[in-house]
Amino acid sequence: MTAAPARRPFWLLALLIGSATIGMHVFVPALPLLVAEFRIDPARAQLTISLYMIVIAAGQLVYGPLSDRFGRKPVLIGALTLFTLSGIALALAQSFNALLAGRIAQAAGGCAGLVLGRTVVHDTVQGPDAARTIAAVNAVLLISPTLAPVVGVWVANAFGWRSIPLLLAALGALTVAGVAWRLGETAASRAEPLSVIAARYRALIRLRAFQVQVLAGSFCTTTMFVLLTATPFVVMETLHRPLEDAAIFYAVFVSGLMAGNILSGRALAWFGDGVFVLATAIGTLGALVLLGALWAGVLSVPVFLLAGFLYTLMAGTMAPLTLTRAVSLSPGLRGSATGIFGATQFALGALGVIVAGLSTDLAFSSAVVLSLCAASALTIYAMLWLRG
């Protein structure tokens, strides 16, 4: 039986979807303190972030099918309990290896909320309503990459780095309590045998329409990580401005993401499927503006701000719309579909960052990657739109 929308309060959705990403961003300020305490090099300390991201991507493939079989609520309670206990273990870690193991477990628990929080939305509302709800949650969560590191710096300076995982443990405990007492079960397929779900999962992966939506949606959403990663280097090495100014650029880019999230539902109502073409065209324009300015050696602060805003506007608009469209292709396996989509997004975003980093000219290579990704998404959606 499907739960009523009132059984998944908005604040709980925000906590569910945000736990894993907050756990990533808030831990960044602790890296220099880890280097000093455990006497390791910075590259090894960064494993606490990179491995965390890898586990988040892989874990989404697991939790989707599990929740389709056993239900959203029990899987969430189990996974978020792991997230909570991992935070306590991290605070008590006496070696870096123990710390790294705790971070892997923390990511494994937290990513359940990321995939199943969005799945709960699609269980309870469909179509434009689902896109609007996802967009509203995303708008709240877009603040976390900006605020979480600030909170992490303050907490680490005031109480030491071990207070950060304790803070995450408290967040996890609050989320577990919310799921236990405020979330109704929303999965409709949990009575089916796991073998049946596995067969439908394989059929979903082979479904060409689903493959196209997942690939195109990933091209135009999480590839923004390439822009965000390159920004400090562009600010310092190309624009010759102090690193502190990167915060201004991030603020503008986050505003693009939030604007896209807010407008996505209305844009779908106004333009229909044409919004997929329009949004990716805007993102492609932004990427090409950045690429052209770097090619000509005339990149300026206003041009970079404009290019980045257009790209993140595309990402913010497309994030809820592409997920909603992909999940709609398999209403009986919403958890699995959401997991596959999320895993592909994180994997492609990470791949884009790696490819851009292979060049000595990070700014130019990032612009090339952004242009290719946005143009690929535009081509795919234009072909689908023309076919009707």
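Summary of the structure given here. (Residues numbered from 1 in each chain as written. Predicted model: local features only at pLDDT ≥ 70, side-chain atom pairs only at ≥ 80, totals over all residues. Heavy atoms only, no water.)

A look at the overall build of the chain
Assigned secondary structure in the chain consists of 17 helices and zero strands. Expected size for 388 residues packed as a compact globule is a radius of gyration near 21 Å; at 20 Å, the chain falls within 12% of this value. Principal-axis analysis of the C-alpha atoms gives the chain an extent of 60 × 60 × 30 Å. Of all 388 residues assigned to the chain, the portion counted as buried reaches 54%. Put simply, of all contacts in the chain between residues at least 6 apart along the chain, 84% involve residues at least 24 apart. Surface exposure of the chain reaches about 16100 Å², of which carbon and sulfur atoms provide 72%. (Helix = DSSP H or I, 4+ residues; strand = E, 2+ residues; numbered from the N terminus. Rg over C-alpha atoms; globule rule 2.2 N^0.38 Å. Buried < 20%, exposed > 50% of the residue type's maximum accessible area, 1.4 Å probe, protein only. Contact = heavy atoms within 4.5 Å. Areas by Shrake-Rupley, 256 points an atom, 1.4 Å probe, with all protein chains shown as cover.)

Considering unusual backbone geometry
Even without being a glycine, Arg39 presents a positive backbone phi close to 55°. Mapping Arg39 onto the fold places it in the loop between helix 2 (31–38) and helix 3 (42–45). Positive phi outside glycine occurs at His240, with the angle close to 55°.

Some points on helix 13 (residues 246–271)
For helix 13, spanning 26 residues, the distance from its first C-alpha to its last is 35 Å, which sits close to the expected 38 Å at 1.5 Å a residue. Taken together, the buried positions of helix 13 are occupied by Ala246, Phe249, Phe253, Val254, Gly256, Leu257, Gly260, Asn261, Ser264, Gly265, Ala267 and Leu268. Once helix 13 finishes, Gly272 follows within two positions and takes phi at roughly 60°, a positive value. (Expected span 1.5 Å × (residues − 1).)

Quick word on the pattern of salt bridges
Evaluated as defined, the whole model comprises three salt bridges. A salt bridge links Arg162 to Glu37; the nearest nitrogen and oxygen atoms lie 2.6 Å apart. In this pair, Arg162 is assigned in the loop between helix 8 (144–159) and helix 9 (163–182) and Glu37 in helix 2, connecting sequence segments 125 residues apart. A relative accessible area of 40% means that Glu37 is categorised as partly exposed. Put simply, Asp68 and Arg72 hold a salt bridge, and the shortest N to O gap is 2.8 Å. Each member of the pair, Asp68 as well as Arg72, is classed as buried. (Salt bridge = Lys/Arg side-chain N within 4 Å of Asp/Glu carboxyl O.)

Here we look at the packing of helix 11 (residues 208–219) against helix 15 (residues 301–328)
Between helix 11 and helix 15, the shortest axis-to-axis distance is 9 Å and the interhelical angle comes to 160°. The orientation of helix 11 relative to helix 15 falls into the category roughly antiparallel. Between helix 11 and helix 15 lies a crossing whose hand is left-handed. Residues Phe210, Gln213, Val214, Gly217 and Phe219 of helix 11 lie in contact with helix 15, whose contacting residues are Tyr311, Thr322, Arg325 and Ala326. A breakdown of the residues in the contact of helix 11 with helix 15 according to their chemical character gives five nonpolar, three polar and one charged. (Axes fitted to C-alpha atoms, helices over the stretch in contact; angles between N-to-C directions. Parallel < 35°, antiparallel > 145°, perpendicular 65-115°, else oblique. Left-handed = near helix turned anticlockwise from the far one by under 90°. Nonpolar A, V, L, I, M, F, W, Y, C, P; charged D, E, K, R; others polar.)

Structural notes on helix 11
Between its first and last C-alpha, helix 11 extends 16 Å over twelve residues, near the 16 Å set by a 1.5 Å rise per residue. Where helix 11 is concerned, the buried positions are Phe210, Gln213, Val214, Ala216, Gly217, Ser218 and Phe219.

Some remarks on the packing of aromatic side chains
The relation between two aromatic rings is expressed through the spacing of the ring centres and the mutual angle of the planes. Tallying each qualifying case throughout the model produces eight aromatic pairs. Of the aromatic side chains, those joined through ring pairs into one cluster are Phe38, Phe96 and Trp161. Sitting above the plane of the Phe27 ring, Arg103 keeps its charged end 4.1 Å from the centroid. (Phe/Tyr/Trp six-rings, centres within 6.5 Å; stacked < 30°, edge-to-face > 60°. Lys NZ or Arg CZ within 6 Å of the ring centre and 35° of its normal.)

Remarks on the packing of helix 12 (residues 224–238) against helix 13
At a minimum axis distance of 9 Å, the contact between helix 12 and helix 13 shows a crossing angle of 160°. With respect to each other, helix 12 and helix 13 are oriented roughly antiparallel. The chirality of how helix 12 crosses helix 13 is right-handed. Each of Met224, Leu227, Leu228, Thr231, Pro232 and Val235 in helix 12 lies in contact with helix 13, whose residues at this interface are Ala246, Phe249, Tyr250, Phe253 and Leu257.

Let's talk about the nonpolar core
Formed by 63 residues in total, the largest nonpolar core has its most connected members in Ile56, Leu76 and Leu99. Considering every element that reaches this core, the biggest residue donor is helix 6 (residues 96–124), with eleven residues. Those residues within four positions of Ile56 in sequence are excluded, and the remaining contacts are Ala20, Ala107, Cys111, Leu114 and Phe346. Ala230, Ala267, Leu348 and Tyr381 belong to the second-largest nonpolar core, a separate cluster that totals 42 residues. (Core = buried A, V, L, I, M, F, W, Y, C linked by side-chain atoms within 4.5 Å.)

Some words on a nonpolar patch on the surface
Together, Leu61, Val62, Leu66 and Phe70 make up a nonpolar patch on the protein surface, roughly 330 Å² of accessible area in all. Note that Leu66 resides in helix 4 (residues 47–70). (Patch = residues over 30% accessible without salt bridge, like charges linked within 9 Å, V, L, I, M, F, W, Y side chains within 5 Å.)

Keep in mind that these numbers describe shape and distance, not what the molecule does.
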